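Coordinate inspection notes
The residues making up each chain are set out below.
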Amino acid sequence: MDFVDDCPTLKIVLGFQPFLPLFVLECQICPYGVKTVVQDYLRLSCDRIEARNWTSMANEKHRILMVSDFFYPNFGGVENHIYYLSQCLLKLGHKVVVMTHAYGNRSGVRYMTGGLKVYYVPWRPFVMQNTLPTFYGTLPIIRTILIREKISLVHGHQAFSTLCHEALMHARTMGYKVIFTDHSLYGFADVGSIHMNKVLQFTLADVSQAICVSHTSKENTVLRSGLPPEKVFVIPNAVDTAMFKPAPVRPGNNEIIIVVISRLVYRKGADLLVEVIPEVCRCYPNVRIIFASSDLFHGVFCNGNGMYIKPMCSGYDLIVFLFSLNILNRKVLYVWLNLMIWHFKLLCTLQSHLETHFKVRFIVGGDGPKRVRLEEMREKHSLQDRVEMLGAVPHAHVRSVLISGHIFLNSSLTEAFCIAILEAASCGLLTVSTRVGGVPEACIMRCPLYLFNFVLPDDMIVLAEPDPVDMVLAIRKAISILPKIDPQVMHDRMKKLYHWQDVAKRTEIVYDRALKCSNQNLLERLSRYLSCGAWAGKLFCLVMIIDYLLWRLLELWKPAEDIEEVPDIILPHHQDGEKLQDFKEDQSLR
């Protein structure tokens, strides 16, 4: 299309439905140019168009407080998400501060890589790394951190986190914009899910924007909380491909090693592993023929139970023995030679058949209440030499465990977005996973313009239903296509598909939208809580009124002017944004 030279340039943000990534289109304002381009993209189900002065927004930097009970030194998907997202936001020039509870002796203010500041508040975990709910006990310290760090946005992570819910509640009372990221899927029937869904409905009733890690997670969050779908965005997780690289030398093909790294709990499918592992070992027994000499009939047969059968003598020795006794005539010799040839063909056929059946071994990393069941299974089926239990694996050692195998097995019964699959694929492992939750979405390859979705071919992942029979079939299929896998090619593909810089840029757009949300007074906010239920709505309004009164009391007792603001320390980055420069001497003295 021809653009007029003297027309000004404008960037238009197109959103392909509320939950899809945003796409920035640069065009020129002219009587026909913008209209034609916009109509073309509207045909791709674009539901809203927003014109912005992108240059001024690029210069606007945010001051973000990440809040969650789950952070380092604890390891997990939420912890990695917060850390890597914070590092990338720092490289984009934003200020990021993390708030979590104390871990052992780790209390107070700590600094991490890239100048990431972490507040380990002196609250001890109550159960499952969560702090005890106090409603108002964290208000003074959260208010102090918000004022000292001059925070403009509060970003909470994980619905299980008590500290996250309380921080979002206090931040909204004080007038801050808040964003919530949900990392998990929850049910609707059991008592625990019902109570958690009500708490989530209370927290998200007044949230500015929400983020989910998959489309399945978005549907689940909208149903549980009643949040308008247009407020929820889908931004998938990513993987640090620089940390998860394939092994320089691929493991040998004389045995297939299947790696399992997961918490051994019911939700992660530990009970499914108890049924799948013995069946796979039965399908691939340790059977092989080894010729121990140049004589074709002198061999050793090893069956699956480890029993060795060796002939008393070779065929050649037997013929010489019979000739020495003068009892072997020409007719008998002819019959005997035919029997030897048939025996030889049988052994060769058996050997070629057994060579197609690989020896399969399992490496299970992780700990949990279901570990006892796995150890009982190993004892019951005598699989001590084929199932290796590693116990809890530190995150720094995950790659070393992954590169020792050929196939990664994920047996989760529910999963919003499995980062472990991305880590395994980045290490060059073929993945076998259950088709649950957001796992199929982890296999979606996006083009640079985010206009179309392409599903990865079967050479990267094999999906199966959460059923032992289907899982065994999927593993057999994965073993059959394993020779076609090139770990380095798979790693290069993952580098192009998933990276945290993309996640940070898309999260940055959600922050911009949150800051554009209108400010509401207390009465307007209370009307949202009243819609949460006949009795629950009134209870939520009472909680928020008390929180508002306590905040006003703190404003009188210790005004914001009396709280000292901390100076900003921004470390310079290289132009490629991958590592930090050292402070210059004159800067360090200031």
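Residues numbered from 1 in each chain as written. Predicted model: local features only at pLDDT ≥ 70, side-chain atom pairs only at ≥ 80, totals over all residues. Heavy atoms only, no water.

Bringing the nonpolar core into the picture now. A general trend in soluble globular proteins is that nonpolar side chains are found buried together. Counting residues in hydrophobic clusters, the biggest one holds 93 residues, and the most contacted among them are Met-66, Phe-71, Ile-277, Phe-362, Leu-374, Leu-402 and Leu-409. The contacts of Leu-374, once residues within four sequence positions are left out, are Leu-264, Ala-270, Leu-273, Val-274, Ile-277, Val-364 and Met-389. Ala-159, Tyr-176, Phe-180 and Leu-204 belong to the second largest nonpolar core, which has 34 residues in total. (Core = buried A, V, L, I, M, F, W, Y, C linked by side-chain atoms within 4.5 Å. Buried < 20%, exposed > 50% of the residue type's maximum accessible area, 1.4 Å probe, protein only. Contact = heavy atoms within 4.5 Å.)

With that settled, the discussion passes to unusual backbone geometry. Glycine aside, the phi torsion of most residues is negative, and most peptide linkages are trans. A cis amide bond links Tyr-72 with the next residue in sequence, Pro-73, at an omega value of 15°. Considering the arrangement of structural elements, one finds Pro-73 in the loop between β4 (63-67) and α3 (77-91). The backbone of Gln-129 sits at a positive phi, close to 65°, despite the residue not being glycine. Within the secondary structure, Gln-129 sits in the loop between β8 (125-127) and β9 (130-131). The partly exposed category is assigned to Gln-129, whose relative accessible area is 29%. Notably, Lys-150 is not glycine yet its phi reads approximately 55°, a positive angle. Secondary-structure assignment places Lys-150 in the loop between α4 (139-148) and β10 (153-157). (Helix = DSSP H or I, 4+ residues; strand = E, 2+ residues; numbered from the N terminus.)

What follows concerns the pattern of salt bridges. One pass over the structure, following the stated rule, counts 20 salt bridges. We note a salt bridge from Asp-568 to Lys-150, for which the minimum N-O separation is 3.9 Å. Of this pair, Asp-568 sits in the loop between α18 (536-557) and α19 (585-588) while Lys-150 sits in the loop between α4 and β10, and the two are 418 residues apart along the sequence. Assessed through its relative accessible area of 34%, Asp-568 is described here as partly exposed. On the accessibility criterion, Lys-150 (31% relative accessible area) is partly exposed. Put simply, Arg-361 and Glu-388 hold a salt bridge, and the shortest N to O gap is 3.3 Å. Of this pair, Arg-361 sits in strand β18 (residues 359-365) while Glu-388 is found in strand β19 (residues 387-391), placing the two residues 27 residues apart along the sequence. (Salt bridge = Lys/Arg side-chain N within 4 Å of Asp/Glu carboxyl O.)

The next point concerns the packing of α3 against helix α16 (residues 500-515). For the pair α3 and α16, the least separation of the axes is 9 Å and the interaxial angle reads 80°. It follows from the interaxial angle that α3 and α16 lie roughly perpendicular. Here Asn-80, His-81, Tyr-84, Leu-85, Cys-88 and Leu-89 of α3 lie close against α16, whose contacting residues are Trp-500, Gln-501, Val-503, Ala-504, Thr-507 and Tyr-511. In terms of residue class, the contact of α3 with α16 is built from eight nonpolar, four polar and no charged. (Axes fitted to C-alpha atoms, helices over the stretch in contact; angles between N-to-C directions. Parallel < 35°, antiparallel > 145°, perpendicular 65-115°, else oblique. Nonpolar A, V, L, I, M, F, W, Y, C, P; charged D, E, K, R; others polar.)

On to the sheet that holds β19. In spatial order, the strands read β19-β18-β14-β20-β21-β24; together these six strands make up an open sheet with parallel pairing. This sheet does not close on itself; its edge strands, each paired only once, are β19 and β24 (461-464). Shown here is a sheet whose adjacent strand axes are inclined to one another by a mean of 20°, direction ignored. Where strand β14 (residues 255-261) lies against β18, seven bridges are found, and the strand directions are parallel. If you follow Glu-255 over to β18, its bridge partner there is Lys-359. Along the sheet, helix α8 (residues 270-283) contacts β14, β18, β19, β20 (407-410) and β21 (430-434); its crossing angle with β18, the most-contacted strand, is approximately 160°. Against the sheet, helix α11 (residues 371-380) makes contact with β18 and β19, and its axis sits at roughly 155° relative to β19, the strand it touches most. (Pairing = 2+ DSSP bridges.)

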